[in-house]
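# Fold and geometry: a report
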Amino acid sequence: MEIVVANESDVAVFAITGRLDAVSVPQLEEKLSQWFEQPGKKLIFDLEGLDYISSAGLRVFLTTAKKMKAREGKLCMARLRDNVKDVFTISGFIALIPAFDTLGAAKDAVK
Amino acid sequence: MIMKKLPARVESLHELLTFIRAEAKKLGFSESAIGRIELVAEEALVNVFVHGYAGEQGQVEVHCLVSDDPALTVEVHDTGVAFNPLSLADPDVQSDLTKRKIGGMGVFFIRKMTDRVAYRREGNRNILSMTFLNR
């Protein structure tokens, strides 16, 4: 798994590629905990390159969504592949974190 | 039947999933079906890694059984404390962000994404048997 963090003005975009599973989750947790040390309020997960997510990955998304709510921030996801979207749909997480087909739409949503 | 046995820890995950993926591929499962098989297998294996041996070291075995169905049955065996993961209640997938909990999600995926799933205890073994039909 690879994570590239890009900051555009006050929006942080986490582009996650590869497999988000029980092995790779600590990497994402570490990047996120660094980000949460800053006062940022706008966060996007760009999942165009994400091949696979398990409940270990969902756990991090849920924790992040709760933290963003606590700081009255905005979190959304962009460009989910069909198999990844299935996991979000079955788990009900699709209703907890807004998902958009394009990165542009996600950026508009957090503005 | 073919089998792979490794230490019950997260570092074994990819090798075990690669083993299962190769069996599913031989049976002609589609890429999307293989993705679901991997997900279910990860959830079953991580349960054993985290809870199976209560912090002690142990082993996990993955058995791949092929039947005439055509189907693939993946069995996860451990010799930890007797535990039936299917006894856990489903999470409330309708609850809102404030109330939502992550617990039980792995077992929920196991139930939802298998065609048949069963737990049995044989001697000192926990065996979770998960069958996927090749449609």
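Refer to the structure presented above.
Residues numbered from 1 in each chain as written. Chains lettered and ligands numbered in written order. Predicted model: local features only at pLDDT ≥ 70, side-chain atom pairs only at ≥ 80, totals over all residues. Heavy atoms only, no water.

It is worth spelling out the overall build of chain B at this point. When helices and strands are counted, chain B shows 3 helices and 5 strands. Secondary structure elements of chain B, listed N to C terminal, follow the sequence β-α-α-β-β-α-β-β. The C-alpha radius of gyration computed for chain B amounts to 15 Å, which stays within 12% of the reference 14 Å derived for 135 residues, consistent with globular compactness. A burial count over chain B gives 47% of its 135 residues as buried. Look at the contacts in chain B between residues 6 or more apart in sequence, and 62% of them connect residues 24 or more apart. By element, 52% of the accessible surface of chain B is carried by carbon and sulfur atoms, the whole surface being about 6900 Å². Taken together, the 17 basic and 18 acidic charged side chains of chain B have centroids lying 2 Å from each other. (Helix = DSSP H or I, 4+ residues; strand = E, 2+ residues; numbered from the N terminus. Rg over C-alpha atoms; globule rule 2.2 N^0.38 Å. Buried < 20%, exposed > 50% of the residue type's maximum accessible area, 1.4 Å probe, protein only. Contact = heavy atoms within 4.5 Å. Areas by Shrake-Rupley, 256 points an atom, 1.4 Å probe, with all protein chains shown as cover. Lys, Arg positive; Asp, Glu negative; His and termini not counted. Charge placed at Lys NZ, Arg CZ, Asp CG, Glu CD.)

On the surface, a cluster of nonpolar side chains totalling about 270 Å² of accessible area is made up of B:Val81, B:Phe83 and B:Leu88. Mapped onto the elements of the fold, B:Leu88 is located in the loop between β3 (71-78) and α3 (105-113). (Patch = residues over 30% accessible without salt bridge, like charges linked within 9 Å, V, L, I, M, F, W, Y side chains within 5 Å. Salt bridge = Lys/Arg side-chain N within 4 Å of Asp/Glu carboxyl O.)

So, about the packing of helix α2 (residues 31-52) of chain B against α3(B). Residues and elements named next belong to chain B. Here α2 crosses α3 at 140°, and the two axes come no closer than 9 Å. By the criterion of interaxial angle, the relationship of α2 to α3 is oblique. Crossing hand, α2 versus α3: left-handed. Across the interface between the two elements, Arg 36, Leu 39, Val 40, Glu 43, Ala 44 and Asn 47 from α2 touch Gly 106, Val 107, Phe 109, Ile 110 and Met 113 from α3. For the contact of α2 with α3, a count of residues per class yields 7 nonpolar, 2 polar and 2 charged. (Axes fitted to C-alpha atoms, helices over the stretch in contact; angles between N-to-C directions. Parallel < 35°, antiparallel > 145°, perpendicular 65-115°, else oblique. Left-handed = near helix turned anticlockwise from the far one by under 90°. Nonpolar A, V, L, I, M, F, W, Y, C, P; charged D, E, K, R; others polar.)

This part takes up the sheet that holds β3(B). Residues and elements named next belong to chain B. Spatially, the 5 strands line up as an open sheet ordered β1-β2-β3-β5-β4, and their pairing is antiparallel. Two strands in the sheet have a free side with no partner beyond their single neighbour: β1 (2-7) and β4 (116-122). Direction aside, neighbouring strands of the sheet carry axes that sit 20° apart on average. Relative to strand β5 (residues 125-133), β3 is paired through 8 bridges, and the arrangement is antiparallel. When the bridges of β5 are listed, Thr 73 appears paired with Thr 131. Lying on the sheet, helix α1 (residues 13-26) is in contact with β1, β2 (59-67) and β3; it crosses β1 at an angle near 170°. (Pairing = 2+ DSSP bridges.)

Residue and element names in this part refer to chain B. On the secondary structure map, Thr 131 appears in strand β5. Here Thr 131 falls in the buried class, since its relative accessible area comes to 5%. Residues in contact with Thr 131, not counting those within four places in the same chain, are Ala 71, Leu 72, Thr 73, Thr 114, Asp 115 and Arg 116.

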